[in-house]
Amino acid sequence: MKIKFLSLLLISVCFFQTNARSQSKTGSWGDQGNGTYINPVMNSDYSDPDVIRVNDKFYMVCSEFHFMGMPVLESSDMVNWKIIARVYDHIDFPEYATNDRYAGGSWAPSIRFHDNKFWIYFCTPDEGLFMSSAEKPEGPWQPLFQVKAIARWEDPCPFWDEDGKAYLGHSLKGAGPIIIHKMSPDGKQLLDDGVTVYTGPNAEGTKIYKLNGWYYIFIPEGGFTVGWQTALRSKNIYGPYEKKVVFERGTSTLNGPHQGALVDTPDGQWWFYHFESAGAIGRVVDLQPVRWQDDWPLAGVDIDRNGIGEPVYVWKKPDIKGDFKITAPQSDDDFNSPSLGLQWQWNHNPVNDLWSLTEKPGFLTLKAGKAENFVKAHNTLTQKVMGTTGEAVTEMDLSGFAEGQKAGLCSMGGKITNLIGIREKDGQLNLFTETNGKIISEKPAKLKKIFLKVSLDIKGDKNQFYYSTDNKSYTPAGEPFTTAFGYWKGTRIGLFSYNEVNEKGSASFNSFIYNYDGPKGQ
């Protein structure tokens, strides 16, 4: 394949650095420890990424939909990322408290730095336009402010011009058109009904920039699995806009390589972050070099010389001074800290009275609220799958179980749910596995604690649960299971505890260790 040949040729001619980075843990994606990276730089469902640079640091946000809440990530070299904040942990509408907003929640946020503050805007498809701000990227972030109560808006982006005037661009659910509103300088009010500046095929994901006197609107078009990236430019924010396709799938095998952010380095290099649709993993994050030609940003490499860039697979890292540790967003948690690891996200709004890190020190205790099934259960705690293969292990204390309770380890992939855990029925503890609400296997478990493991092979579609009494010898449980992309999100793994008959019982988790095929964050 042409694209891979070019990328491998780059490896053979680039300068391979031999420093502390080469001793760090690498993987099949991200930083390779030799001055290059392999796309995706984050092989995980950080969909619809937006990235900015403030001084010498880079900050990213992404869509989280019905999971609570949105992370803020930080990088010093554009390739290695860590989570530094959680913007919110609930959305104050009834449907988020009753688990009735699957595929709702935050769609395609934008992050900006203005007036010495960080600003994040996003839309929910049912409730409207929201904003939060913070003086520091790690927070504290202000409570979500509803700028406008309206349905069917998506993908907003604020813009403050050099004259102090403020604007907000967005599209409509279903993609397109692109609409620009005047906005109050404090970012809390839209001042008009907006002006349609562009109508295109599935135009969405608005990002607004101003460079060299040009207003740029950077948008994906064509749909999230097959689309391309378009640049619009004008000398007036309301247009008329010229149009150029600046990035496409081309000869690569990537699905829908588009929607993201233009970012520059302190030394003036330009780069483009975007997602690619990677099936059950979700929409993962790639990084492409950008060159400017005739005031147009051309991303990737123009393999077929048609004037449109295509994705690179392997490339030289951005030329940023420093020695950077190879890392990735956090995945483990020993539950010894006073707060949950920032990688964790609740399925819908949490019930804070039903979980604790202090009730049993060193453990996460999930008390069982009543729910008719797993999909409706409160306080399912999840994190993104990292990479295509991996294993996650947790230890669960069973001393707090009650009649009707189910608790354990889960996989969530759209409408496909898979569980392994313990349930108490007729005074008996049983080890069970379950798929989409149907018990697959069950047997007595006269235990005080149990180790539960999930082995993931997302691309091979061969995932399997295991259990152990000593964390040494593991036995398969249930059948190999599948997972999928759904509700706009990739596969998740996590912990759950609920009760099908009453509000009794608790499960305490001693740790969660997750290893995978990429660089591991600490």
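For the structure itself, look to the data block above.
Undergrad: Give a detailed account of the sheet that holds strand β7 (residues 81–86), specifying residues and quantitative values.
TA: Taken together, four strands build an open sheet; the order of strands is β3-β4-β6-β7 and the sheet is antiparallel. Edge positions in the open sheet fall to β3 (50–54) and β7, since each of these has one partner strand only. Strand-to-strand twist across the sheet, computed as the mean angle between neighbouring axes with direction ignored, equals 30°. Pairing of strand β4 (residues 57–61) with strand β6 (residues 71–75), which is carried by three bridges, proceeds in the antiparallel orientation. Residue Phe58 lies in a different strand from β6, and its bridge partner there is Ser75.

Undergrad: If you had to explain the side chain of Glu424 to someone new, which residues and values would you point to?
TA: Position of Glu424 among the secondary structure elements: in strand β32 (residues 416–425). Not counting residues up to four positions away in its chain, the partners in contact with Glu424 are Phe401, Ala402, Glu403, Gly404, Gln405 and Leu429.

Undergrad: How would you explain the pattern of salt bridges if you had to name every residue and give the values?
TA: According to the stated counting rule, one finds 25 salt bridges in the structure shown. One salt bridge in this structure joins Asp100 and Lys376, with 2.9 Å as the shortest N-O distance. Taken together, the residues Asp100 in the loop between α2 (94–97) and β8 (107–114) and Lys376 in the loop between β28 (369–370) and β29 (381–384) connect sequence positions 276 residues apart. Several salt bridges converge on common partners, so that one network encompasses Asp45, Glu64, Lys384, Lys489 and Arg492.

Undergrad: Can you break down the nonpolar core residue by residue, with the values?
TA: Phe335, Met396, Ile422, Leu495, Phe512 and Tyr514 are the most contacted members of the largest nonpolar core, which totals 62 residues. The element that contributes the greatest number of residues to this core is strand β39 (residues 506–516), accounting for five residues. Beyond its immediate sequence surroundings of up to four residues, Tyr514 is in contact with Ser331, Asp332, Gln383, Lys384, Val385, Met386, Glu391, Ala392, Leu456, Ile493 and Lys520. The next biggest cluster of nonpolar side chains, apart from the first, holds 39 residues, and it includes Tyr46, Met60, Ile83 and Val312.

Undergrad: Let's hear about the packing of aromatic side chains: which residues, and what values?
TA: This structure, assessed with the given rule, holds 25 aromatic pairs. Seen from their ring centres, Trp29 and Tyr516 are 6.0 Å apart, and the 15° between their planes marks the pair as stacked. Of the two residues, Trp29 is situated in the loop between α1 (2–13) and β1 (30–31) and Tyr516 in strand β39; the sequence distance between them amounts to 487 residues. Here Tyr516 falls in the buried class, since its relative accessible area comes to 8%. For the pair Tyr216 and Trp292, a centre-to-centre distance of 5.5 Å together with 75° between the ring planes defines the contact as edge-to-face. Of this pair, Tyr216 sits in strand β17 (residues 214–221) while Trp292 sits in strand β22 (residues 283–293), and the two are 76 residues apart along the sequence. Under the relative-accessibility criterion, Tyr216 is labelled buried at 2%. Taken together, the aromatic side chains of Tyr88, Phe93, Phe122 and Phe130 make up a single cluster linked through ring pairs. It is Lys384 that lies over the ring of Tyr46; its NZ or CZ is 4.5 Å from the centre. The ring centre of Tyr466 lies 5.0 Å from the NZ or CZ of Lys453, which sits over that ring.

Undergrad: Tell me what's going on with the pairing of strand β14 (residues 178–183), and back it up with residues and numbers.
TA: Burial analysis of β14 places five of its six residues in the buried class, the great majority of the element. Pairing geometry for strand β13 (residues 166–172) and β14, over five bridges, is antiparallel. Among the inter-strand pairings, Gly169 is bridged to a residue of β14, identified as Ile180. The hairpin formed by β13 and β14 contains five residues between the paired strands, and Gly174 there has a positive phi angle of roughly 100°. Pairing of β14 with strand β15 (residues 195–198), which is carried by three bridges, proceeds in the antiparallel orientation.

Undergrad: Give a detailed account of the pairing of strand β35 (residues 449–457), specifying residues and quantitative values.
TA: Note on strand geometry: in a regular strand, side chains alternate between the two faces of the sheet. Of all nine residues in β35, seven are buried, a share of seventy percent or more. In terms of strand pairing, β35 meets strand β36 (residues 463–468) through five bridges, oriented antiparallel. Note on β36: the bridge partner recorded for Leu452 is Tyr467. Linking two consecutive strands that pair antiparallel, namely β35 and β36, is a turn of five residues; a positive phi of about 55° is found at Asp461 within it.

Undergrad: Tell me about unusual backbone geometry, and please be specific about residues and values.
TA: Look at the link from Gly176 to Pro177: it is a cis peptide, with omega at -5°. Put simply, Gly239 and Pro240 share a cis peptide bond, and its omega is 5°. Relative to the helices and strands, Pro240 resides in the loop between β18 (228–234) and β19 (242–247). Its identity as a non-glycine residue notwithstanding, Met78 has a phi of 75°, on the positive side. For Met78, the position within the fold is in the loop between β6 and β7. Even without being glycine, Asn99 reaches a positive phi, approximately 60°. Looking at the element boundaries, Asn99 is found in the loop between α2 and β8.

Definitions and cut-offs
- Residues numbered from 1 in each chain as written.
- Predicted model: local features only at pLDDT ≥ 70, side-chain atom pairs only at ≥ 80, totals over all residues.
- Heavy atoms only, no water.
- Pairing = 2+ DSSP bridges.
- Helix = DSSP H or I, 4+ residues; strand = E, 2+ residues; numbered from the N terminus.
- Axes fitted to C-alpha atoms, helices over the stretch in contact; angles between N-to-C directions.
- Contact = heavy atoms within 4.5 Å.
- Salt bridge = Lys/Arg side-chain N within 4 Å of Asp/Glu carboxyl O.
- Core = buried A, V, L, I, M, F, W, Y, C linked by side-chain atoms within 4.5 Å.
- Buried < 20%, exposed > 50% of the residue type's maximum accessible area, 1.4 Å probe, protein only.
- Phe/Tyr/Trp six-rings, centres within 6.5 Å; stacked < 30°, edge-to-face > 60°.
- Lys NZ or Arg CZ within 6 Å of the ring centre and 35° of its normal.

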